[in-house]
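What follows is the residue order along each chain.
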Amino acid sequence: MSRLRYLTAGESHGRALVGILEGMPAGLELSLERINHELSRRQGGYGRSFRQKIEHDEAQILAGVRFGVTLGSPIAVLIWNRDWKNWEGLMDPWHKPAEYKPVTVPRPGHADLAGALKYGHRDLRNVLERASARETAVRVALGAIARQFLERFQIKITSHVVQILDAQSRVDALSLPPEEITARADESPVRCLDKAAEEKMIQRIDEAQKKRDTVGGVFELLATGLPVGLGSYVHWDRKLHARIAQALLSIQAMKAVEFGLGREVAERWGSEAHDLIYYEEGRGFYRQTARAGGIEGGVSTGGPLVIRVAMKPLSTLMRPLDSVDMITKQPVKAHIERSDVCAVPAASVVGEAVLALVLADAFLEKFSGDSLPEIEERFLARRLV
Ligand code: EPS
């Protein structure tokens with residue numbers, strides 16, 4: 001990220017999560033309710049653990065905002081972990097409890113083993129606390145700020161779940177307005193727009209719970225209202241799709257990202273793989289399809305962004321997988337930590353936030369300025385032809 005940067009800190013059962021967002025222009029009116037609304041969207045979804053009943057995520061803005069308006073200085077956000085009081089001793093920054101049993105059996109698929117070997121930890125809790133997707137709460141808060149910035153320019157981001165295990169949605173979301181997608185997805189326990197698929201997804205999650213297993217899936221992100229020209233074709237680290245893919249893959253448990261047709265494009269003839277170009281007076285250049293997903297050559301085309309993200313089944317199984325104790329080197333079953341059975345619906349909300357951060361960064365790069373009016377001026381003066 002060049003114009004908009006962020007850092008987060010915090011352990012899953014530590015005192016709090018904190019984030020700093022740097023690069024937001026001055027003069028943007030922010031709503032705290034909106035930030036908290038996004039946080040509550042992330043906490044939902046069928047198949048979540050008891051943890052989400054303990055937490056009631058709320059953001060506190062510690063810096064960078066005054067009287068509801070951004071100052072142009074770094075914005076600091078804090079979210080308390082309510083569960084911390086149950087873990088106070090175990091997560092104390094200074095004192096180790098007299099009786100303490102380290103976690104020594106890594107879960108296959110988690111960061112546990114590779115993370116411990118890398119940092120030289122002999123207690124896997126030192127790894128898993130930070131590798132946990134609890135961190136995404138603060139990313140959602142920062143993303144909610146980026147989103148409010150993008151909405152000033154009519155850029156809207158939404159998402160819905162298209163697959164859990166083998167249950168697949170058949171709804172073509174591109175034909176729906178983004179507000180409707182959000183409203184319908186928010187109402188569905190699995191954020192799915194297709195009622196029949198929703199039922200099957202819930203069944204699969206119930207089945208997983210019963211079998212003490214987990215399930216992953218796929219969510220789709222859509223962004224509309226983007227101007228032409230975000231990102232660039234001139235250099236690898238400026239290509240918009242590559243930046244989006246990097247950011248989305250940084251969300252815990254994401255394994256693949258596709259744009260438009262995605263990997264299906266490899267099975268098509270060239271004549272059926274691209275978005276044909278049309279022009280109309282007043283409307284400008286336009287396409288009738290979104291096969292490229294709204295990005296060509298690393299540059300936004302002005303069409304909707306269509307991105308699919310695949311999430312693996314969570315690696316904490318209540319019927320644990322084979323593993324080896326780090327200390328004794330004996331074969332044992334993996335460590336069990338309270339966890340979700342399925343977190344794909346929540347991941348789609350995190351995906352929206354992460355996408356908002358990348359798009360706001362690319363937008364600020366193109367229409368840079370220190371204050372919102374300056375950026376608005378540059379945006380209005382943009383060349384359309
Ligand atoms: C959480 C994500 C999960 C949970 C966490 C809450 O992250 P991961 O499975 O990657 O560690 O661990 O906490 C619990 C489920 C718990 O019982 O404490 C989240 O998204 O808030």
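Because the structure is predicted, anything quoted here is derived from the model rather than measured.

Hey, could you go over the site of the ligand for me, with residue numbers and the actual values?
Looking at the ligand, there are 13 residues lining it, with His-13, Arg-42, Gln-52, Ala-133 and Arg-338 nearest. Take Gln-52: an N or O atom from its side chain is 2.9 Å from an oxygen atom of the ligand. Note that an oxygen atom of the ligand is positioned 2.8 Å from one of the backbone N or O atoms of Ala-133. Broken down by class, the residue content of the shell around the ligand amounts to 1 nonpolar, 6 polar and 6 charged.

Which residues make up the packing of aromatic side chains, and what values do they have?
By convention here, two paired aromatic rings are described through the distance between centres and the angle between planes. The final tally for this structure, using the stated rule, is 9 aromatic pairs. Seen in terms of ring centroids, Phe-363 and Phe-379 are 5.5 Å apart; in terms of plane orientation they differ by 40°. Their pairing is tilted. Here Phe-379 lies in helix H10 (residues 372-380) and Phe-363 lies in helix H9 (residues 344-366), a separation of 16 residues in the sequence. Phe-379 carries the same exposure label as Phe-363, and that label is buried. Through pairs of rings, three or more aromatic residues link up here, namely Phe-149, Phe-153, Phe-363, Phe-367 and Phe-379. When the ring centre of Tyr-119 is taken as reference, the NZ or CZ atom of Lys-118 above it lies at 5.3 Å. A cation over an aromatic ring shows up here: Arg-382 above the ring of Phe-379, its NZ or CZ 4.0 Å from the ring centre.

Which residues make up the sheet that holds strand S8 (residues 167-168), and what values do they have?
If you trace the 5 strands from one edge of the open sheet to the other, you get S8-S7-S9-S15-S10, paired in antiparallel fashion. Looking at which strands have only one partner, the edges of the open sheet turn out to be S8 and strand S10 (254-259). In this structure, strand S7 (residues 156-164) lies alongside S8, joined through 2 bridges in antiparallel fashion. Looking across to S8, one finds that Gln-163 is bridged to Gln-168.

Can you lay out the nonpolar core for me, pointing to particular residues and giving the numbers?
Counting 78 residues, the largest nonpolar core has Phe-149, Ile-244, Ile-307, Leu-359 and Phe-363 as its most contacted members. The dominant element in this core, judged by the number of residues it contributes, is H9, at 14 residues.

Quick rundown of H10? Include the residues and the values.
Because each turn of an α-helix spans 3.6 residues, side chains separated by three or four positions end up pointing in the same direction. Those residues of H10 that fall on the buried side of the exposure criterion are Leu-372, Ile-375 and Phe-379. On an axial view of H10, the arc spanned by its buried residues comes to 65°, and they lie on one face. Facing away from the buried side of H10, by more than 90 degrees, are the exposed residues Pro-373, Glu-377 and Leu-380. Each element contacted by the buried residues of H10 is listed here: helix H5 (136-151) and H9.

Lay out the pattern of salt bridges in plain terms, naming residues and giving numbers.
Pairing is possible between side chains that carry opposite charge, provided their charged atoms lie close to one another. The final tally for this structure, using the stated rule, is 35 salt bridges. Between Arg-107 and Asp-112 there is a salt bridge, with its nearest N and O atoms 2.8 Å apart. Neither Arg-107 nor Asp-112 differs from the other in exposure class; each is buried. Note that Glu-129 and Arg-125 form a salt bridge whose closest N and O atoms lie 2.7 Å from each other. Note that Glu-129 and Arg-125 are positioned in helix H4 (residues 125-131) at a spacing of 4 residues, about one turn of the helix. By relative accessible area, Arg-125 is classed as buried at 8%. Look at the salt bridges and you will find they share partners, linking Arg-34, Glu-38, Arg-41, Arg-147, Glu-151, Asp-186, Arg-191 and Glu-352 into a network.

I'd like a description of the sheet that holds strand S6 (residues 75-80), backed by residues and values.
In any sheet, the strands associate via hydrogen bonds between backbone groups, in a parallel or an antiparallel arrangement. Reading across the sheet, the 4 strands line up as S1-S2-S6-S3 and stay open at both edges, with antiparallel pairing between neighbours. The sheet is open, and its two edges are formed by strand S1 (5-9) and strand S3 (60-63), each paired on a single side. When strand polarity is set aside, the average angle formed by the axes of neighbouring strands in this sheet is 20°. Summarising the sheet, S3 and S6 pair through 3 bridges and their orientation is antiparallel. Paired with Ala-63 across the two strands is Ala-76, which belongs to S6.

Can you lay out the side chain of Glu-220 for me, pointing to particular residues and giving the numbers?
Secondary-structure assignment places Glu-220 in strand S9 (residues 217-224). Owing to a relative accessible area of 7%, Glu-220 belongs among the buried residues under this scheme. In this structure the side chain of Glu-220 is engaged in a polar contact, spanning 2.8 Å, whose partner is the side chain of His-160. Polar side-chain contacts of Glu-220 include one of 2.9 Å to the side chain of Arg-308. Apart from the residues within four sequence positions on either side, Glu-220 is in contact with Thr-158, Ser-159, His-160, Val-162, Ala-173, Val-306, Ile-307 and Arg-308.

How would you sum up the side chain of Ser-188? Please name residues and give values.
Mapping Ser-188 onto the fold places it in the loop between helix H6 (178-187) and helix H7 (195-210). A polar atom in the side chain of Ser-188 sits 3.0 Å from the backbone nitrogen of Cys-192.

Describe the packing of helix H1 (residues 32-43) against H5, listing the residues and the values that go with them.
Where H1 contacts H5, the two axes come as close as 9 Å, and the packing angle between them is 130°. The angle between H1 and H5 falls in the class oblique. Judged by the twist between their axes, the crossing of H1 over H5 is right-handed. Judged by residue contacts, Arg-34, Ile-35, Glu-38, Leu-39, Arg-41 and Arg-42 of H1 engage Thr-136, Ala-137, Val-140, Ala-141, Ala-144, Ile-145, Arg-147, Gln-148 and Glu-151 from H5. Here the residues of the contact of H1 with H5 are counted per class, giving 7 nonpolar, 2 polar and 6 charged.

Cut-offs used in this document
- Residues numbered from 1 in each chain as written.
- Predicted model: local features only at pLDDT ≥ 70, side-chain atom pairs only at ≥ 80, totals over all residues.
- Heavy atoms only, no water.
- Near = heavy atom within 4 Å.
- Polar contact = N/O pair within 3.5 Å; in protein donor to acceptor, adjacent residues only side chain to side chain.
- Nonpolar A, V, L, I, M, F, W, Y, C, P; charged D, E, K, R; others polar.
- Phe/Tyr/Trp six-rings, centres within 6.5 Å; stacked < 30°, edge-to-face > 60°.
- Helix = DSSP H or I, 4+ residues; strand = E, 2+ residues; numbered from the N terminus.
- Buried < 20%, exposed > 50% of the residue type's maximum accessible area, 1.4 Å probe, protein only.
- Lys NZ or Arg CZ within 6 Å of the ring centre and 35° of its normal.
- Pairing = 2+ DSSP bridges.
- Core = buried A, V, L, I, M, F, W, Y, C linked by side-chain atoms within 4.5 Å.
- Arc of directions from axis to C-beta.
- Contact = heavy atoms within 4.5 Å.
- Salt bridge = Lys/Arg side-chain N within 4 Å of Asp/Glu carboxyl O.
- Axes fitted to C-alpha atoms, helices over the stretch in contact; angles between N-to-C directions.
- Parallel < 35°, antiparallel > 145°, perpendicular 65-115°, else oblique.
- Left-handed = near helix turned anticlockwise from the far one by under 90°.

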